[in-house]
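# Chain and residue survey
Spelled out, the chains give:
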Amino acid sequence: MPAATETLLPVVGALLRAATGGLTTAPTKDVRAMIESLGETETAALAFRLMCELSVPVESQLFLLRQIRMTYPGLLERLEASGSPASLLAAREARYLTDGSSDESLETLLSDGAPLDPRVVEAAIEHQRDGHNPALLRRLLAQLRLGAADYPAAQRLARRVSDLSPAGLTALGLPELRVAILGDVTTKFLQPLLQASLLEHGVNGTVQSGDFDHIEVLVLSPESWLRDFRPDVVVLLSSSLAMRPSEAEGWHDLLRQRAELCRLITERFSADTVVTNFELLPEHTGPQGTPAWLAEVNAALRHMLPERSHVFDLGSLVAEVGVDRWFDLRMWGIARQSFGLGAAPLLADRLGRFLRALVEPPVKLIVADLDGTLWGDIAAEVGAEQIILGGNGKGVAYLRLQRYLRDCVSNGFLLAIASKNAPEIAREPFLHHPEMILKLEDLVDFECSFNPKSVVVPHIAKRLSLGLQNVLFLDDSPHERAEMRQQHPEVIVPEWPASGVAGLPALLARSGWLARVRLSEEDRHRTRLYREERFRVETAARFSDVEEFLNDLGLVARLTLIGPENLERVGQLVQKTNQFNLTTRRRTRLELEELIARPGAYARALYLEDRHGAYGLTGAMIAVPPSGETGPLQRLVIDTWVMSCRIMGKTVECAMFADLLRFARDTRAGVIEGVYQQTSRNAAVASLYEELGFTTLGFTTDARSPEEQRFVFNVSSEPARPNRHVKVVE
Amino acid sequence: VKSRDGQLLTGAAERVQAIFRDVFDDPKLVLQYGMKASDAPEWDSLNHINLIVALETEFNVTFDEDEIAGVTSVEDIFAHLARHGVDDLPGR
């Protein structure tokens, strides 16, 4: 609080007393006289803020605000024009409260992302209660800032949120989640707060809490409310406080029981479970330190839990807050409440973020600025060697941020650069600065232009087929952040911490935006997969001439004999390929084995790669002499020919056919026969055989497969479409 | 806020009234000096703790376990606040 505020306190206090003493008893002229004694502008702005901060009924505040506005007509306009962010916010809040809480003034209030006073948020939620403006309500809820409120304020906010109309909440279009919080400690204080927190973080949650120590009964009894509630997630809240001394000794049994409980919950309700780990207690601090069992039990917890069971790291939250502030042991004695209620809003906030990440991580793509964000100073001015990065002093913070982002990439988040720079200057540090942690291959996109970032970022997201609500935008420039918020309120734009880049990793970690509760193998490679496709698209756009594009791709096809090591994968490809599939004969594994073992058979799997990366096993062709036919100049009939749609349009089919032709000539076959059997999905290859130079033999007379069209190719002739763009290797 | 003899109360009593209004979610509640937990259905064990925490936050005081359990009326609240050095409270 600024010094000027403190000297004002008694005056404002007197004012409030006059107002709250009863609007009828305090003569309005006395109130006006006191307001005049305050003076105008900055002083009055502070008065607005103070009124919001003191615990006064809203109607008294409104009375005062109106009196102040009447005393100083035009005051709000002057405050807004003063250039001080605090004055601007105060004026906007006052305008919102006294102007009948219009949607337009709320929109203005939310536009710059400044933290609003909880009282103003309360009033705004009340006004949006009927859900008449879903987009605005969603933005308002996103700025609830429940975790930063003290317990009484958080409770008031939660109550206003619980008054919102169910239809209005449904209209927000948020994912729904039914959460039961059970515990061997009290859970009822957390319940309303968690419900509000889920809405703040974009989940339309329904939260129910259960009495402590009744978990087993609840789960097992056929008449429990839990069964009727049909939870999607069951949170099991626990505490080291609730552990009996014998359990601390024999914690293996405790964990086994807990793991069994989680398994039962998932089995009975098909719900995920979230289990808290064991937190440090006040008596675990000091020279003796933490008891060994505490570290062991938490390490073992992660290994013993069954699938669909996730650990919420209560321990790290206690470490962040500090044990002395976290616990209120009076409340443990009185109400079996395992944390001080002062910590309840923060716990509700973090648990809400965790559950949000469990439903779906809110962020998929991080778009970061370069100068001032990933390194200090401006590369174009000082040169790539001289940017502030690593070394001693401020450069260390940029390294830590880079390391944090690199870990995010490893966890499957996409990272792109949006920089107002010339591309060669922007890339220089990535290529040549010895301390850069982020490399070009960590990036999914690298956009250097002098276009506004509010244009560039949607462009990047669109190329990756992502919505703007999945984008996190990191930029040290307040102007860039403000512009992004203004143009695209759905983009997540964190305010820069007071400590600058040094505070950013913690801010990002605590936000939960980049938390991945479930992590799949594919997540780890996501950047590579997206990047390769993205560069292919980019290159295609650069070449107007397709021939030139294909030559530049550097396609290499490796045609390998089909055998035990790739039969499984070939079988899958045959089963699921619809478009480039000449016959759509779904050969079984046994049939495939029989075909490739036939004397004189051609059976090849295609592994394709180009200069941007490998596509993997993406094609297969099997051609066999009809059974019983042997000897020179025999027929070779293409039984199966499939290619993944990912590689269509690259003339790979010409390479595959050229290889078959080479084989036919080597084995002295006379003709190659092909069959096209039409399905609803394979029109793309209807004329393939004709294009390659086959002669049509007409339709088979077989009544069982009337659409079967047969073609023949004389091995001594040359294909009409020779292979020109693909290098074939064995 | 009305005292027992119907006199208007000011100062800290209004802040207590604001807390009751918040915790019981009743913006029109008029705090009665003689109000007892046993008479008010909203004053359950959950709201009891909520009242205590709100009072502690508002007046920056800490009650001990006996005080928390011992509060059964508005009068008790005023008495405890006075003992913790909160002035500006209504007299009897």
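### Looking at the overall build of chain A
Along its length, chain A carries 34 helices and 18 strands. Burial status across chain A gives 54% buried among its 730 residues. Excluding contacts between residues fewer than 6 apart, the proportion of contacts in chain A whose partners are at least 24 apart in sequence is 72%. With an accessible surface of roughly 32000 Å², chain A has 52% of that area assigned to carbon and sulfur atoms.

### Some thoughts on the overall build of chain B
Scanning chain B from N- to C-terminus turns up 4 helices and 0 strands. Written out in order from the N terminus, the α and β elements of chain B read α-α-α-α. Going through the 92 residues of chain B one by one, you find that 53% of them count as buried. The contacts of chain B with a sequence gap of at least 6 include a subset with a gap of at least 24, amounting to 53%.

### Some points on the packing of aromatic side chains
Residues and elements named next belong to chain A. In the structure shown here, the tally under the stated rule is 17 aromatic pairs over all chains. Arranged with centres 5.3 Å apart and planes meeting at 50°, the rings of Phe 657 and Phe 694 form a pair that is tilted. Of this pair, Phe 657 sits in helix H33 (residues 652-666) while Phe 694 sits in the loop between helix H34 (688-692) and strand E16 (695-699), and the two are 37 residues apart along the sequence. A relative accessible area of 0% places Phe 657 in the buried class. Here Phe 694 falls in the buried class, since its relative accessible area comes to 6%.

### A short note on empty space enclosed by the protein
Residues and elements named next belong to chain A. Counted under the stated rule, the structure contains 1 cavity of 30 Å³ or more. One number sums up the size of the largest cavity: a volume of about 30 Å³. Lining the largest cavity are Leu 237, Ser 238, Ser 239, Glu 279, Leu 314, Trp 326, Ser 338, Phe 339 and Leu 347. Tallied by class, the residues present in the lining of the largest cavity amount to 5 nonpolar, 3 polar and 1 charged.

### Topic: the environment of A:Leu190
All names here are of chain A. Along the chain, Leu 190 falls in helix H12 (residues 190-200). On the basis of relative accessibility, which here comes to 1%, the residue Leu 190 falls in the buried class. Considering only alpha carbons, one finds Leu 190 and Leu 341, 151 residues apart in sequence, at a separation of 8.9 Å. The residues contacting Leu 190, other than those within four sequence positions of it, are Ile 181, Leu 237, Phe 339, Ala 344, Leu 347, Ala 348 and Leu 351.

### Describing the packing of helix H1 (residues 12-23) of chain B against helix H2 (residues 45-59) of chain B
Residue and element names in this part refer to chain B. Remark: H1 packs on H2, axes separated minimally by 10 Å, with the N-to-C direction vectors making an angle of 140°. Taken together, the axes of H1 and H2 lie oblique to each other. Taken as a pair, H1 and H2 cross one another with a handedness that is right-handed. Counted together, Ala 12, Arg 15, Val 16, Ile 19, Phe 20 and Val 23 of H1 and Asn 47, Asn 50, Leu 51, Ala 54, Leu 55, Glu 58 and Phe 59 of H2 form the full contact between these two elements.

### Here's the deal with the sheet that holds strand E7 (residues 414-419) of chain A
Residue and element names in this part refer to chain A. Strands sit in the order E8-E7-E6-E9 across an open sheet of 4 strands; the sheet is parallel. In the strand order of this sheet, the two ends are held by strand E8 (445-448) and strand E9 (471-474), each with one partner. Strand after strand, the sheet turns through a mean of 20° between neighbouring axes, direction not considered. Relative to E8, E7 runs parallel, the two sharing 4 bridges. What sits directly across from Ala 418, in E8, is Glu 447.

### A few points about the environment of A:Ser338
All names here are of chain A. Inspection of the secondary structure puts Ser 338 in the loop between helix H20 (329-335) and helix H21 (344-359). Ser 338 gets classed as buried once you look at its relative accessible area, which sits at 2%. Remark: the alpha-carbon pair of Ser 338 and Ser 239, spanning 99 residues in sequence, is separated by 6.5 Å.

### Description of the interface of chain B and chain A
In this complex, chain B contributes 22 residues to the contact, which on the side of chain A involves 21 residues. Counting each side, the surface lost to burial between chain B and chain A is near 1900 Å², with a carbon and sulfur contribution of 58%. Linking chain B to chain A there are 4 salt bridges. Linking chain B with chain A are 9 residue pairs in polar contact (both at pLDDT 80 or more), by the criterion used here. Elements supplying a minimum of two residues to the side of chain B that touches chain A: H1, H2 and helix H3 (65-70) of chain B. Ranked by residues supplied to the side of chain B that touches chain A, first place goes to H2(B) with 9 residues. Here the residues of the side of chain B that touches chain A sort into 10 nonpolar, 4 polar and 8 charged.

### So, unusual backbone geometry
For residues that are not glycine, phi is negative in most cases, and the peptide bond is trans in most cases. Residue and element names in this part refer to chain A. Residues other than glycine seldom take positive phi values, yet Arg 145 does so here, at roughly 50°. Classification of Arg 145 as partly exposed rests on a relative accessible area of 31%. In the Ramachandran plot, Arg 668 falls in the positive-phi region, its phi being about 60° despite a non-glycine side chain. Position of Arg 668 among the secondary structure elements: in the loop between H33 and strand E15 (671-677).

### Focus on the layout of surface pockets
Residue and element names in this part refer to chain A. The volume enclosed by the largest pocket comes to roughly 1600 Å³. Along its surface, the largest pocket is lined by 42 residues, and Ala 142, Gln 143, Arg 353, Ile 492 and Trp 513 are the ones closest to its centre. Counting only elements with at least two residues in the lining of the largest pocket, the list comes to helix H7 (103-111), helix H9 (134-142), H12, H21 and helix H27 (504-511). At 5 residues, H21 tops the list of elements feeding residues into the lining of the largest pocket. Looking at the lining of the largest pocket residue by residue, the class counts come to 18 nonpolar, 10 polar and 14 charged.

### A word on the side chain of A:Gln155
With respect to the secondary-structure elements, A:Gln155 resides in helix H10 (residues 151-162). A relative accessible area of 11% means that A:Gln155 is categorised as buried.

### Regarding the sheet that holds strand E1 (residues 176-183) of chain A
Residues and elements named next belong to chain A. The strand order across the open sheet built from 5 strands is E2-E1-E3-E4-E5, with neighbouring strands paired in parallel fashion. One side of each edge strand has no neighbouring strand; the edge strands of this open sheet are strand E2 (204-209) and strand E5 (309-312). Ignoring which end each strand starts from, the neighbouring axes of this sheet average 25° apart. Where E1 and strand E3 (residues 233-237) come together, 5 bridges link them in parallel fashion. Across the sheet, the residue bridging to Gly 183 is Leu 237, located in E3.

### Things to note about the confidence of the model for chain B
Residue and element names in this part refer to chain B. Per-residue confidence for chain B gives a mean pLDDT of 84; residues scoring 70 or more make up 85%. Highest mean pLDDT in chain B belongs to H2 (93); lowest belongs to H1 (86). Per the prediction output, this complex has pTM 0.70; the corresponding ipTM is 0.88.

### Focus: the packing of helix H16 (residues 251-269) of chain A against helix H17 (residues 292-304) of chain A
All names here are of chain A. Remark: H16 packs on H17, axes separated minimally by 10 Å, with the N-to-C direction vectors making an angle of 30°. By the angle between their axes, H16 is roughly parallel relative to H17. In terms of crossing hand, the pair formed by H16 and H17 is right-handed. Residues Trp 251, His 252, Leu 255, Arg 256 and Ala 259 of H16 lie in contact with H17, whose contacting residues are Trp 293, Glu 296, Val 297, Ala 300, Leu 301 and Met 304.

### Describing the pattern of salt bridges
All names here are of chain A. According to the stated counting rule, one finds 42 salt bridges over all chains in the structure shown. For Lys 364, the salt bridge goes to Glu 360, with nearest N and O atoms at 2.8 Å. The class of Lys 364 is partly exposed, set by a relative accessible area of 28%. Glu 360 gets classed as partly exposed once you look at its relative accessible area, which sits at 33%. The partner of Arg 589 in a salt bridge is Glu 568, and the shortest N-O contact between them spans 3.2 Å. Of this pair, Arg 589 sits in helix H32 (residues 589-597) while Glu 568 is found in helix H31 (residues 564-576), placing the two residues 21 residues apart along the sequence.

About the cut-offs
Residues numbered from 1 in each chain as written. Chains lettered and ligands numbered in written order. Predicted model: local features only at pLDDT ≥ 70, side-chain atom pairs only at ≥ 80, totals over all residues. Heavy atoms only, no water. Helix = DSSP H or I, 4+ residues; strand = E, 2+ residues; numbered from the N terminus. Buried < 20%, exposed > 50% of the residue type's maximum accessible area, 1.4 Å probe, protein only. Contact = heavy atoms within 4.5 Å. Areas by Shrake-Rupley, 256 points an atom, 1.4 Å probe, with all protein chains shown as cover. Phe/Tyr/Trp six-rings, centres within 6.5 Å; stacked < 30°, edge-to-face > 60°. 1 Å grid on protein atoms, 1.4 Å probe; cavity = no way out; pocket = protein on both sides within 12 Å on 5 of 7 lines; lining within 4 Å. Points joined across faces, edges and corners; volume = space filled by probe spheres on them. Nonpolar A, V, L, I, M, F, W, Y, C, P; charged D, E, K, R; others polar. Axes fitted to C-alpha atoms, helices over the stretch in contact; angles between N-to-C directions. Parallel < 35°, antiparallel > 145°, perpendicular 65-115°, else oblique. Left-handed = near helix turned anticlockwise from the far one by under 90°. Pairing = 2+ DSSP bridges. Buried area = accessible area lost by both parts, 1.4 Å probe. Salt bridge = Lys/Arg side-chain N within 4 Å of Asp/Glu carboxyl O. Polar contact = N/O pair within 3.5 Å; in protein donor to acceptor, adjacent residues only side chain to side chain. pLDDT = per-residue confidence, 0-100.

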